[in-house]
2 protein chains.
Amino acid sequence: MNIILLSGGSGKRLWPLSNDVRSKQFIKIFKNEQGAYDSMVQRVYSQIKAIDADARVTIATSEAQVSSIKNQLGKEVGISIEPCRRDTFPAIALASYYLADELKVDESEPVVVCPVDPYVDASYFEALKALSELARTGEGMTLMGIEPTYPSEKYGYIIPENAEKVSAVTTFKEKPTEAVAREYIEKGALWNGGIFAFKLSYMLNIGRELTGYGSYRELFDNYGSLNKISFDYAVVEKEKNLRVMRFAGQWKDLGTWNTLTEAMDENILGNGMMNEECENVHIINEMDVPILAMGLKDVVISASPDGILVSDKVQSSYIKPFVDGIDQRIMYAETSWGNFKIIDVEADSLTVKVTLKKGNSMKYHSHKHRDEVWTVVEGRGKTLVDGTEREVTVGDVVRLPKGCKHTITAVTDIRLIEVQYGSEISVEDKEVFDIN
Amino acid sequence: MNIILLSGGSGKRLWPLSNDVRSKQFIKIFKNEQGAYDSMVQRVYSQIKAIDADARVTIATSEAQVSSIKNQLGKEVGISIEPCRRDTFPAIALASYYLADELKVDESEPVVVCPVDPYVDASYFEALKALSELARTGEGMTLMGIEPTYPSEKYGYIIPENAEKVSAVTTFKEKPTEAVAREYIEKGALWNGGIFAFKLSYMLNIGRELTGYGSYRELFDNYGSLNKISFDYAVVEKEKNLRVMRFAGQWKDLGTWNTLTEAMDENILGNGMMNEECENVHIINEMDVPILAMGLKDVVISASPDGILVSDKVQSSYIKPFVDGIDQRIMYAETSWGNFKIIDVEADSLTVKVTLKKGNSMKYHSHKHRDEVWTVVEGRGKTLVDGTEREVTVGDVVRLPKGCKHTITAVTDIRLIEVQYGSEISVEDKEVFDIN
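First things first, this report covers the structure right here in the doc. Along each chain, residues carry numbers from 1 onward, in the same order as the chain's sequence is written. Just so you know, chain letters begin at A and ligand numbers begin at 1, following the order they were written in. Thresholds applied to this predicted model are a pLDDT of at least 70 for local features of residues and 80 or more for the giving and counting of side-chain atom pairs; totals over whole chains, interfaces and linings are not thresholded and use all residues. Values shown for side chains rest on all heavy atoms present in the structure; no hydrogens or waters enter the calculation.

## A word on the sheet that holds strand S20 (residues 332-334) of chain A
The strands making up a sheet associate through hydrogen bonds between their backbones, and the pairing can be parallel or antiparallel.
All names here are of chain A.
Here's step 1: The rule for pairing is simple: two strands pair if DSSP sees at least two bridges between them. For the purposes of this entry, the term helix denotes a DSSP run of H or I that reaches at least four residues, the term strand denotes a run of E that reaches at least two, and both are numbered from the N terminus. The strand order across the open sheet formed by 6 strands is S20-S21-S22-S29-S24-S27, and the pairing between neighbours is antiparallel. One side of each edge strand has no neighbouring strand; the edge strands of this open sheet are S20 and strand S27 (397-400). Put simply, the sheet's adjacent strands are angled 20° from each other on average, direction ignored.
Here's step 2: Across 7 bridges, strand S24 (residues 371-378) lies against strand S29 (residues 414-421) in antiparallel orientation. Bridging from a neighbouring strand, Glu372 pairs with Gln420 of S29. All axes are obtained by fitting lines to C-alpha atoms, using only the stretch in contact for helices, and the reported angles, taken between N-to-C directions, cover 0 to 180 degrees.

The following block contains the structure:
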């Protein structure tokens with residue numbers, strides 16, 4: 001099975017665990033069989049591999065997510081990197097070209113496209129396999145329609161011609177009101193979960209037709225000039241040869257704290273306690289310090305280095321405007337070389353804990369307006385400062401005055417405390433160089 | 001007026017803002033006229049000074065609180081330091097000897113004793129003045145009795161002989177049930193707030209009689225051998241010559257989050273937001289990151305470097321056993337020389353932000369099992385490492401290998417990031433030396 005997972009942008013609805021550089025699909029929240037915690041991406045990826053060990057998985061995403069994906073899934077997974085965000089049609093077209101040109105997938109093969117973050121069980125992936133086989137043998141496009149469990153206002157609806165397992169599609173409906181949704185459901189309508197399958201050749205033809213570009217390289221280089229347009233609008237709603245396959249298994253969208261906590265196996269994740277008077281309370285704590293909850297009902301508490309949310313579960317759906325109003329420095333992020341955590345902020349200084357994974361390096365860079373001091377507290381590495389190499393280990397101190405070019409390579413996993421000081425400390429103050 | 005303020009021990013009921021080294025009376029929570037925030041101690045002290053600028057204020061407390069008191073009240077205030085905790089009778093006896101021997105207060109002068117942390121207005125201090133004058137002209141002991149506002153089970157009761165402003169005392173009653181409290185109140189009983197006045201000579205006589213020690217020095221040196229006994233039990237309940245003065249003004253005990261938040265002028269202290277669906281919610285945030293509250297009712301949220309409490313207000317009274325169960329490093333503390341904040345904890349390293357106030361020094365000390373690196377990020381100072389002095393300023397790095405004796409003196413206010421690393425990092429690993 002060829003599967004393209006669409007990995008969307010930064011979601012603020014799960015603040016403070018998601019932020020501008022960390023999307024909800026990377027939050028580790030689901031207990032796996034080994035007792036460790038998986039993110040949505042990890043959960044979906046291992047579910048696919050369990051059903052089809054040979055599945056060729058490609059994640060369509062932006063550069064910003066590449067580090068997180070590689071950190072969480074390893075280097076095996078295919079990644080189609082969108083040079084900029086251009087909605088789902090360009091993303092799916094680019095990923096299809098990537099399959100054909102970079103991964104050399106035969107044009108006659110079927111491809112399944114779906115979001116990276118549904119909360120589903122194995123039956124969903126069995127259904128994807130069936131969808132893929134339908135696409136292999138049929139023409140045009142095959143969709144998966146989800147049997148509604150309630151008259152949701154959050155989803156678009158697919159109206160099938162009949163109640164068979166696989167049916168032609170009569171029409172699509174936009175997100176309705178609850179009353180209208182009820183009417184649709186009485187007529188046998190299905191939720192549109194953005195799950196499609198087609199032969200690769202089908203998508204390459206449409207890609208050429210709509211973008212004018214014939215190869216992955218060409219499309220990639222001109223990606224910024226494409227219009228923002230959804231796959232539904234550009235392709236699905238215009239296609240005559242459309243079938244929908246019904247799916248009645250578990251399918252949840254974990255887009256808010258309310259729905260996400262419903263999917264959690266335990267009420268406390270991280271350092272937390274609650275008294276017996278707490279009812280339907282969830283604590284998700286990524287900080288080092290304990291959270292104590294007492295006498296609460298239907299409340300989610302979530303804490304990360306970015307902030308602390310305490311919300312009634314239903315109210316948590318309305319978080320976005322409040323989080324938009326928080327103009328805050330990113331306090332924790334995964335990067336291509338490891339991760340960093342800002343541990344102290346003062347007017348003229350900033351202290352950061354930097355962790356590099358074995359074999360990785362920072363970019364070779366300099367700062368105009370700040371000096372830095374590194375103190376290695378774990379592991380071994382090699383620094384390069386203005387062309388001079390030096391081996392460093394626990395206890396070594398590296399002074400990095402303004403203007404000096406510097407990087408560090410992790411010989412083993414390495415951790416250092418970086419103290420920045422100067423009158424203008426900003427993430428913008430960074431110039432990157434090639435090492436020659 | 002001579003006034004002894006009894007400053008009690010560490011309260012866990014206001015966790016995470018109070019802890020083993022920081023008592024509730026030092027939490028800055030009350031907005032003053034300048035728009036800054038005062039602690040209970042600061043509020044009471046300035047209230048006394050507003051009523052009687054010449055009042056001689058002595059705080060009876062333990063060594064652990066001396067730094068906080070000096071930081072918050074300056075060096076003018078008298079402090080009677082208890083070498084160890086021995087309940088209120090020894091504490092009041094010691095403070096009385098301190099007044100006589102160290103401050104040379106005449107034995108004929110009256111002394112008022114009361115807790116350091118009542119939430120009161122000016123009328124309370126006017127009443128203390130009146131109490132002091134009663135003690136000046138009378139013999140024995142004069143108490144202040146507070147007119148009950150509800151049948152509390154939290155306080156002892158004083159039964160006066162009559163309803164006059166000043167009356168003899170018939171008897172005392174222990175904390176009653178609500179029903180019994182109701183009966184007491186019908187008979188004109190008053191709350192016993194632990195507020196007494198007497199002539200200094202009276203207390204010195206009792207002190208000699210009950211302890212056998214005749215001077216401040218002697219009592220101080222033998223303090224550890226005294227029995228733990230309350231002033232009520234040792235003195236008040238045995239005294240025949242007892243009067244009580246009624247007080248009907250504001251008097252509140254801010255011992256729980258529920259009562260404390262009632263006294264706050266604003267619902268948010270520190271970095272916090274709440275949506276309009278919040279009702280009777282208080283946020284007290286000492287962390288750098290924002291707290292967002294949504295759709296909560298009757299909830300207090302309190303966050304400090306030690307932890308995060310989210311509690312129904314009534315339930316917050318039952319916090320103690322939970323906090324007793326938290327065995328956690330103190331993450332922030334005020335010291336005699338400034339303050340420290342632990343900003344990162346790893347297995348083999350600890351990062352601390354250390355702030356010294358101008359003119360102060362750490363103790364000259366060494367560690368057996370850890371190395372340290374200081375990076376100065378603000379101000380100027382002078383370090384002493386194994387006998388060698390060095391001037392340091394922003395950007396200077398000081399390496400402190402295991403075993404080296406070291407200290408720093410703040411020439412201006414100074415701030416440094418201290419990185420500790422080693423296999424056994426513990427507060428116990430510290431040897432202190434004299435500088436010669």
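## Comments concerning the interface of chain A and chain B
Here's step 1: At the interface, 51 residues of chain A touch 51 residues of chain B.
Here's step 2: Each of two parts loses accessible area, computed with a 1.4 Å probe, when they are put together; buried area is these two losses added. Both faces considered, chain A and chain B share a buried interface measuring about 4,300 Å² in area, 68% of it formed by carbon and sulfur atoms.
Here's step 3: Looking at the side of chain A facing chain B, the largest losses of area belong to A:Leu292, A:Met294 and A:Ile308, adding up to 16% of the total buried there.
Here's step 4: Each reported salt bridge corresponds to a side-chain nitrogen of Lys or Arg within 4 Å of a carboxyl oxygen of Asp or Glu. For the interface between chain A and chain B, the tally reads 6 salt bridges.
Here's step 5: The partner of B:Lys353 in a salt bridge is A:Glu346, and the shortest N-O contact between them spans 2.5 Å. Contacts are residue-level and defined by heavy atoms, with any inter-residue pair within 4.5 Å sufficient.

## Points about the packing of aromatic side chains
Residue and element names in this part refer to chain A.
Here's step 1: Within 6.5 Å between ring centres, the rings of Phe, Tyr and Trp (the latter by its six-membered ring) count as paired, and their orientation is classed by plane angle as stacked under 30 degrees, edge-to-face over 60, tilted in between. Following the criterion strictly, the structure yields 26 aromatic pairs over all chains and no others.
Here's step 2: Aromatic ring contacts, followed pair by pair, group Tyr150, Tyr155, Trp191 and Trp251 into a single cluster.
Here's step 3: The criterion for a charge sitting over a ring is simple: Lys NZ or Arg CZ within 6 Å of the ring centre, and within 35 degrees of the ring normal. In this structure, Arg43 packs its charged tip against the face of Phe30, placed 5.4 Å from the ring centre.

## Observations concerning helix H3 (residues 88-102) of chain A
All names here are of chain A.
Here's step 1: Helices are assigned an expected span. That span is 1.5 Å times one less than the residue count. In a regular helix each residue adds 1.5 Å, so 15 residues correspond to 21 Å; H3 covers 20 Å between its end C-alpha atoms and thus fits that length.
Here's step 2: Burial classification: accessible surface area is computed with a 1.4 Å probe over protein chains only, and a residue below 20% of its type maximum counts as buried, one above 50% as exposed, and the rest as partly exposed. Extensive coverage of H3 is indicated by the burial of 12 of its 15 residues.
Here's step 3: Along H3, the residues classified as buried are Phe89, Pro90, Ala91, Ile92, Ala93, Leu94, Ala95, Ser96, Tyr97, Tyr98, Leu99 and Ala100.
Here's step 4: Note on H3: the residue one or two positions beyond its end, Lys104, has a positive phi of about 55°.

## Looking at empty space enclosed by the protein
Here's step 1: The definitions used throughout rest on a 1 Å grid laid over the protein atoms alone, on which a cavity is an enclosed set of points accommodating a 1.4 Å probe that cannot get out and a pocket is an open set flanked by protein within 12 Å on both sides along at least five of seven lines; lining residues are those having an atom within 4 Å of a point. Grid points are joined across faces, edges and corners, and a volume is the space filled by probe spheres set on the points. One pass over the structure, following the stated rule, counts 4 cavities of 30 Å³ or more.
Here's step 2: Its volume calculated, the largest cavity comes out at about 400 Å³.
Here's step 3: Looking at the lining of the largest cavity, the elements with two or more residues in it are strand S21 (338-346) of chain A together with strand S21 (338-346) of chain B.
Here's step 4: Polarity classes work like this: nonpolar for Ala, Val, Leu, Ile, Met, Phe, Trp, Tyr, Cys and Pro, charged for Asp, Glu, Lys and Arg, and polar for all others, with Gly in that last group. Residue composition of the lining of the largest cavity, grouped by class: 14 nonpolar, no polar and 7 charged.
Here's step 5: Of the voids in this model, the second largest cavity is the one considered here, and its volume is about 40 Å³.
Here's step 6: Every residue along the wall of the second largest cavity is listed here: A:Pro16, A:Leu17, A:Asn19, A:Arg22, A:Ser304, A:Pro305, A:Asp306 and A:Tyr332.
Here's step 7: Of the residues contributing to the lining of the second largest cavity, the split by class is 4 nonpolar, 2 polar and 2 charged.

## A look at the environment of B:Tyr155
Residues and elements named next belong to chain B.
Here's step 1: As for its placement among the helices and strands, Tyr155 is situated in the loop between strand S8 (141-146) and strand S9 (156-160).
Here's step 2: Take Tyr155: its relative accessible area is 10%, and that puts it in the buried class.
Here's step 3: The sequence separation of Tyr155 and Lys240 amounts to 85 residues, and the corresponding C-alpha distance is 22 Å.
Here's step 4: Apart from residues lying up to four places away in sequence, Tyr155 is in contact with Tyr150, Lys175, Pro176, Trp191, Trp251 and Asp253.

## What about the side chain of B:Asp371?
Here's step 1: Counting through the fold element by element, B:Asp371 comes out in strand S24 (residues 371-378).
Here's step 2: In contact with B:Asp371, other than residues within four places in its own chain, are B:Leu400, B:Pro401, B:Lys402, B:Val419, B:Gln420 and B:Tyr421.

## Digging into the state of the cysteines
Here's step 1: Here, two cysteine sulfur atoms that lie within 2.5 Å of each other are counted as a disulfide. In this structure the tally under the stated criterion is 0 disulfides over all chains.
Here's step 2: Here B:Cys278 stays unpaired: no disulfide links it, and the sulfur of A:Cys278, its closest cysteine neighbor, is 17 Å away.

## Here's the deal with the relation of the copies chain A and chain B
Here's step 1: For the pair chain A and chain B, the superposition axis carries a translation of 0.0 Å, the fit reaches an RMSD of 0.1 Å, and the rotation angle comes to 180°. On this basis, the relationship between the two copies can be described by a two-fold rotation axis. The C-alpha atom lying nearest the rotation axis in chain A is that of A:Ile343; the distance is 2.8 Å.
Here's step 2: A shared binding surface is used by both copies, with 100% of the interface residues of chain A retained as interface residues in chain B. When the copies are superposed, the least-squares fit takes in the C-alpha atoms of residues with a pLDDT of at least 70 in both.

## Side note on the sheet that holds strand S15 (residues 272-274) of chain B
Here's step 1: Spatially, 6 strands are ordered S14(A)-S16(A)-S18(A)-S19(A)-S17(B)-S15(B) in an open sheet, and the strand pairing comes out mixed. One side of each edge strand has no neighbouring strand; the edge strands of this open sheet are strand S14 (268-269) of chain A together with S15 of chain B.
Here's step 2: Pairing geometry for S15(B) and strand S17 (residues 291-294) of chain B, over 3 bridges, is parallel. Counted as the bridge partner of B:Met273 is B:Leu292 from S17(B).

## Focus on the pattern of salt bridges
All names here are of chain A.
Here's step 1: Tallied over the full model, the rule gives 40 salt bridges over all chains.
Here's step 2: Lys402 serves as the salt-bridge partner of Asp371, at 2.8 Å between the closest nitrogen and oxygen. Taken together, the residues span a long stretch of sequence, with Asp371 in strand S24 and Lys402 in the loop between S27 and strand S28 (406-410) at a distance of 31 residues.
Here's step 3: Its relative accessible area of 14% is what places Asp371 among the buried residues.

## Focus: the packing of H3(A) against helix H6 (residues 200-211) of chain A
All names here are of chain A.
Here's step 1: Relative to each other, H3 and H6 sit at 125°, their axes nearing to 9 Å. Classified by the interaxial angle, the pair formed by H3 and H6 is oblique. Relative to H6, H3 is oriented so that their crossing is left-handed. Between H3 and H6, the contacting residues are Phe89, Ile92, Ala93, Ser96, Tyr97, Leu99 and Ala100 on the first element and Leu200, Met203, Leu204, Ile206, Gly207, Arg208, Leu210 and Thr211 on the second.
Here's step 2: Each residue belonging to the contact of H3 with H6 can be placed in one class, and the counts come to 11 nonpolar, 3 polar and 1 charged. An angle below 35 degrees is treated as roughly parallel, one above 145 as roughly antiparallel, one from 65 to 115 as roughly perpendicular, and anything else as oblique. Less than a right angle of anticlockwise turn of the near helix away from the far helix marks a crossing as left-handed, whereas a clockwise turn marks it as right-handed.

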